[in-house]
Amino acid sequence: MLISISFVALACQPKASTTVAVDPFQYIGHKVRLSGVQAKTISVLVDDACLRQMRAAKINSRLLESIPTNKIQLSVRKSPIQSHRIEVSPQTTQLQIKEWANEDPCVIGVADNQKATTQAYGSDPLYSKQSHLYNIHSAEAHDFFFDRPTGIKKDVIIAFIDSGIDLQHQDLRSQLWVNNDELNGDPGIDDDKNGFIDDVYGYNFVSDIGDPSHQTINDHGTHLTGLAAAAINNIGGAGVIGQKVKIMTLNVFGKNWETETVYIDQAIRYAADNGANVINISIGGRGPSETTASAIVYALKKGCVITVAAGNTKQDIGEDFYFPASYAPQYSGLISVAAVDASLNTPCAFTNFSSSAVKIAAPGCDAAAIKSGLLSTRLGDKYGYKSGTSQASAIVAGAAALVYGVMRDSSGAMVQPAEVERILTNGSDSRSALFRYVSGGRKLNLMGLTHKHLLAN
Ligand SMILES: [Ca+2]
Ligand SMILES: [Ca+2]
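Residues numbered from 1 in each chain as written. Chains lettered and ligands numbered in written order. Predicted model: local features only at pLDDT ≥ 70, side-chain atom pairs only at ≥ 80, totals over all residues. Heavy atoms only, no water.

### Overview of the overall build of the chain
Move 1: For the chain, the count of helices and strands is 13 helices and 15 strands.
Move 2: Here the chain, with 457 residues, has 53% of them falling under the buried criterion.
Move 3: Put simply, 72% of the contacts in the chain that link residues at least 6 apart link residues at least 24 apart.
Move 4: Carbon and sulfur atoms make up 53% of the accessible area of the chain, which totals about 21000 Å². (Helix = DSSP H or I, 4+ residues; strand = E, 2+ residues; numbered from the N terminus. Buried < 20%, exposed > 50% of the residue type's maximum accessible area, 1.4 Å probe, protein only. Contact = heavy atoms within 4.5 Å. Areas by Shrake-Rupley, 256 points an atom, 1.4 Å probe, with all protein chains shown as cover.)

### Concerning the coordination of the calcium ion (ligand 2)
Move 1: In this structure, Asp124 (OD), Asp171 (OD), Asp171 (OD), Ala231 (O), Asn234 (OD1), Ile235 (O) and Gly237 (O) serve as the protein donors to the calcium ion (ligand 2), at separations of 2.2 to 2.8 Å.
Move 2: Here the donor residues of the calcium ion (ligand 2) share one chain and are spaced in sequence as D-x46-D-x59-A-x2-N-I-x1-G. Taken together, the residues aspartate 171 in the loop between β5 (156-162) and α7 (180-183) and alanine 231 in the loop between α8 (220-229) and β7 (245-251) connect sequence positions 60 residues apart. Take aspartate 171 and alanine 231: they sit in the same class, and that class is buried. (Donors = N, O, S within 2.8 Å, 3.2 Å for Na, K, Ca; no water.)

### Some remarks on the pattern of salt bridges
Move 1: Counted under the stated rule, the structure contains seven salt bridges.
Move 2: Here lysine 386 makes a salt bridge to aspartate 219, at a shortest N to O gap of 3.3 Å. With a gap of 167 residues between them, lysine 386 in strand β13 (residues 382-386) and aspartate 219 in the loop between β6 (202-204) and α8 connect regions that are remote in the sequence.
Move 3: Judged by relative accessible area, which is 18%, lysine 386 ranks as buried.
Move 4: Judged by its relative accessible area of 3%, aspartate 219 is buried.
Move 5: Across the salt bridge formed by arginine 408 and aspartate 409, the nearest N and O atoms sit 2.8 Å from each other.
Move 6: On the basis of relative accessible area, arginine 408 is assigned to the buried category, the value being 14%.
Move 7: Judged by its relative accessible area of 16%, aspartate 409 falls in the buried class. (Salt bridge = Lys/Arg side-chain N within 4 Å of Asp/Glu carboxyl O.)

### Thoughts on the coordination of the calcium ion (ligand 1)
Move 1: Protein coordination at the calcium ion (ligand 1) comes from Glu182 (OE), Asp190 (OD), Asp192 (OD), Asn194 (OD1), Phe196 (O) and Asp199 (OD), with a distance range of 2.2 to 2.4 Å.
Move 2: Between the six donor atoms coordinating the calcium ion (ligand 1), the angles at the centre fall across 78 to 171 degrees, so the site counts as irregular.
Move 3: Written as a sequence motif, the donor residues of the calcium ion (ligand 1) are E-x7-D-x1-D-x1-N-x1-F-x2-D. With glutamate 182 in helix α7 and phenylalanine 196 in the loop between α7 and β6, this residue pair connects regions lying 14 residues apart in the sequence.
Move 4: The class for glutamate 182 is buried, based on a relative accessible area of 4%. (Tetrahedral: all angles 85-135°; square planar, octahedral: opposite > 155°, others 65-115°.)

### Regarding the packing of aromatic side chains
Move 1: Counted according to the given criterion, the structure contains ten aromatic pairs.
Move 2: Both rings, one in phenylalanine 196 and one in phenylalanine 205, keep their centres 5.7 Å apart while their planes meet at 75 degrees; by these two values the pair is edge-to-face.
Move 3: Residue classification places phenylalanine 205 among the buried residues on the basis of a relative accessible area of 5%.
Move 4: Within the aromatic cluster, the residues linked to one another by ring pairs are Phe196, Tyr203, Phe205 and Tyr270.
Move 5: The side chain of arginine 269 reaches across the aromatic face of tyrosine 298, ending 5.0 Å from its centre.
Move 6: Across from the ring centre of phenylalanine 353, 5.1 Å away, lies the NZ or CZ of arginine 436, which sits over that ring. (Phe/Tyr/Trp six-rings, centres within 6.5 Å; stacked < 30°, edge-to-face > 60°. Lys NZ or Arg CZ within 6 Å of the ring centre and 35° of its normal.)

### Comments concerning the state of the cysteines
Move 1: Going through the model one piece at a time under the given rule, you end up with two disulfides.
Move 2: A sulfur-sulfur separation of 2.0 Å characterises the disulfide bridge that pairs cysteine 50 with cysteine 106. Between cysteine 50 and cysteine 106, the S-S torsion sits near -75 degrees, and that sign places the bridge as left-handed. In this pair, cysteine 50 sits in helix α3 (residues 48-56) while cysteine 106 sits in the loop between α4 (94-103) and β4 (107-112), placing the two residues 56 residues apart along the sequence.
Move 3: Judged by its relative accessible area of 16%, cysteine 50 falls in the buried class.
Move 4: Overall, the relative accessible area of 0% leaves cysteine 106 in the buried class.
Move 5: Residue cysteine 348 pairs covalently with cysteine 365 via a disulfide, S to S 2.1 Å. Residues cysteine 348 and cysteine 365 share a disulfide whose torsion about the S-S bond is about -100 degrees; that sign makes it left-handed. (Disulfide = S-S within 2.5 Å.)

### Some points on the environment of arginine 286
Move 1: Within the secondary structure layout, arginine 286 lies in the loop between β8 (278-281) and α10 (290-301).
Move 2: Along the chain, arginine 286 and proline 324 lie 38 residues apart, while their C-alpha atoms are 8.7 Å from each other.
Move 3: If near-sequence neighbours (up to four positions away) are discounted, arginine 286 is found in contact with Thr313, Gln315, Phe321, Tyr322 and Phe323.
Move 4: Looking at arginine 286, its side chain comes within polar contact range of the side chain of glutamine 315, at 2.6 Å. (Polar contact = N/O pair within 3.5 Å; in protein donor to acceptor, adjacent residues only side chain to side chain.)

### Some remarks on the environment of serine 376
Move 1: Mapped onto the elements of the fold, serine 376 is located in strand β12 (residues 374-378).
Move 2: Exposure remark for serine 376: the relative accessible area of 1% places this residue in the buried category.
Move 3: What serine 376 contacts, discounting residues up to four positions off in sequence, is Gln130, Thr222, His223, Gly226, Leu227, Lys382, Tyr383 and Gly384.
Move 4: Within the structure, the side chain of serine 376 is placed 3.1 Å from the backbone nitrogen of leucine 227, a separation counted as a polar contact.

### What to know about α4
Since the α-helix packs 3.6 residues into each turn, any two residues three or four apart lie on the same face.
Move 1: Restricting attention to buried positions, one finds in α4 the residues Gln94, Ile97, Trp100 and Ala101. Mapping the buried residues of α4 onto a view down its axis gives an arc of 125 degrees, with all of them on the same face.
Move 2: On its buried face, α4 sits against β1 (32-33), β2 (41-47), β3 (81-87) and β4. (Arc of directions from axis to C-beta.)

In structure tokens, the structure reads:
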């Protein structure tokens, strides 16, 4: 019995190292915690019992006079101390609030009334494992792109020129671009007369069929699509732009594991002609293709931003031509992307590089993750890890869509791809460890786009 009592007593003894939670106002003694920035509202901490006594004695509190009386519900709440909101006005300046707070016995303290954003962003169960989203400060930037009056209002269309997609994937189904004329039209007929039969969700240029689904187990396209645009706040993971986005799938591999540039050309022109705003090409090869360059120019002139993977062959693409990324310096709006580690911010071991021909870097591997990959959607309604400059490019495609959407919906003017490139690169971090790999050592940072006021407010 004694023993058990002593145990209980011991358990209740705070250890020497235990941290006691300290109320900043009660223990440190500074009543006023205002940063001095022009906040429109201030949070006032009030001792309700004190205020009740003051009121009973008909003593006025100068500070609390600025709060409507019915807003202060004395003694109905459990906590004897409550925060109240005061609006700063020409009559109630920060200086006055400071003075009044110091002289008022019922006011325990005043502090900035800070903005906070909903943490519902990234409520997707796999979100916490998507290190690349943390790396680019996706959650912090969410409010800027979606929750302000100047945020994105209409869907931005991203075309993926790739190996296809899992059209049934639960995290992608809601994100598909749909050609309604074909959806509601007749099978075997080119209902919208765009030159392609049954192109409901995109097209398969190799097999010449409307269905762009994967025809091999190479689910490269599904992984990239999820990185850029998986639906947010549902199941699975989230894309860089998880809402206000539609995915057009342009399959240029068909049943093969390799493709030819002619299919890429066709797909680029299809995207430009059928409303894509951003085109991602996470494909690479050795030689130049002037027909592809021509298609690129066509799409850029039609207002499409194009993101391309720098390649995974550890080469300097400013010295040795790599298709199509080495075209990037010639065309503003054609954005070549190298890969960095999402946890370490160092170049991924495989990444191509160039201080002149690579325009930006983004997460493409993660030393701390399974297979050093990034977590995204996979064929068969699954999720899994893959790495590559392909992945980095898809992430920049998502970021380009965010920038494009804000520019288009806040100005109403036609968005110039060169402007999107300028904003993405100027808003990026500059890292000296990346100077040899990327022009300016630039690494994608969505918060940089908001902090540097690159986009219209
Ligand atoms: Ca058609
Ligand atoms: Ca999701």
